[in-house]
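Topology and contacts: notes
Okay, here's what each chain looks like letter by letter:
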Amino acid sequence: MLATTKTKKQGKPASLLHKSILKKEFYPMANAVSNQVADNYYRPDLKKAALARLSAVKVSKSGVKKKKKKKNIQASKIRGRKLNQVYQLV
């Protein structure tokens, strides 16, 4: 949700914020946020902060990716008598 303040409603806190819900993919949402904040004469100095907040929300929504466990190469190699047995079967 993108919330901006209305300049003419400063005395009325209930109707002070203009809220718009964003239901798009990440890059269209980033464009919408940057257009609303910087290009719409709202607060161009807050553009980086707004995009940082949007990307933080994206990361929190996507969840934590699990790391793959590396195989222990030392344990999976065949050595000694077992290696000789494998070559004798072939």
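Since the structure is predicted, the reported quantities are computational estimates derived from the model, not experimental observations.

Structural notes on the environment of A50
Within the secondary structure layout, A50 lies in helix α2 (residues 47-62). For the pair formed by A50 and L2, sequence separation is 48 residues and the distance between their alpha carbons is 9.1 Å. Among residues more than four places away in sequence, those in contact with A50 are V33 and V37.

Some words on the confidence of the model for the chain
Per-residue pLDDT for the chain has a mean of 80; in total, 91% of the residues score no lower than 70. Between the elements of the chain, mean pLDDT differs from a low of 65, seen in helix α3 (residues 73-76), to a high of 87, seen in α2.

Section: the nonpolar core
Membership of the largest hydrophobic core is limited to seven residues, which are L2, F26, M29, A30, V33, V37 and L54. Considering every element that reaches this core, the biggest residue donor is helix α1 (residues 26-39), with five residues. Apart from the residues within four sequence positions on either side, M29 is in contact with L22, K24 and L54.

Thoughts on the side chain of S34
For S34, the position within the fold is in helix α1. Side-chain polar atoms of S34 contact the backbone oxygen of N31, separated by 3.0 Å. If we skip the residues at most four places from it in the chain, S34 touches D39 and K47.

Parameters at a glance
- Residue positions are given per chain, counting from 1 as you read along its sequence in written order.
- Local features in this predicted model are restricted to residues of pLDDT 70 or higher, and side-chain atom pairs are both shown and tallied only at a pLDDT of 80 or more, whereas totals for entire chains, interfaces and linings draw on every residue.
- Hydrogens and water are ignored here; the side-chain numbers use all heavy atoms of the structure.
- Strands here mean DSSP runs of E at least two residues long; helices mean DSSP runs of H or I at least four residues long; both are numbered from the N terminus.
- Contact definition: two residues touch when any of their heavy atoms are within 4.5 Å.
- Confidence of the predictor in every single residue is expressed as pLDDT, which spans 0 to 100.
- In plain words, nonpolar cores are sets of buried Ala, Val, Leu, Ile, Met, Phe, Trp, Tyr and Cys residues tied together by side-chain atoms within 4.5 Å.
- For every residue, the accessible area (1.4 Å probe, protein chains only) is compared with the maximum for its type, and the residue is labelled buried under 20%, exposed over 50%, or partly exposed between those bounds.
- As used in this structure description, the phrase polar contact means that two N or O atoms lie within 3.5 Å; if the pair is within protein, one of them must be able to donate a hydrogen and the other to accept it, and residues adjacent in sequence are counted only when both atoms belong to side chains.

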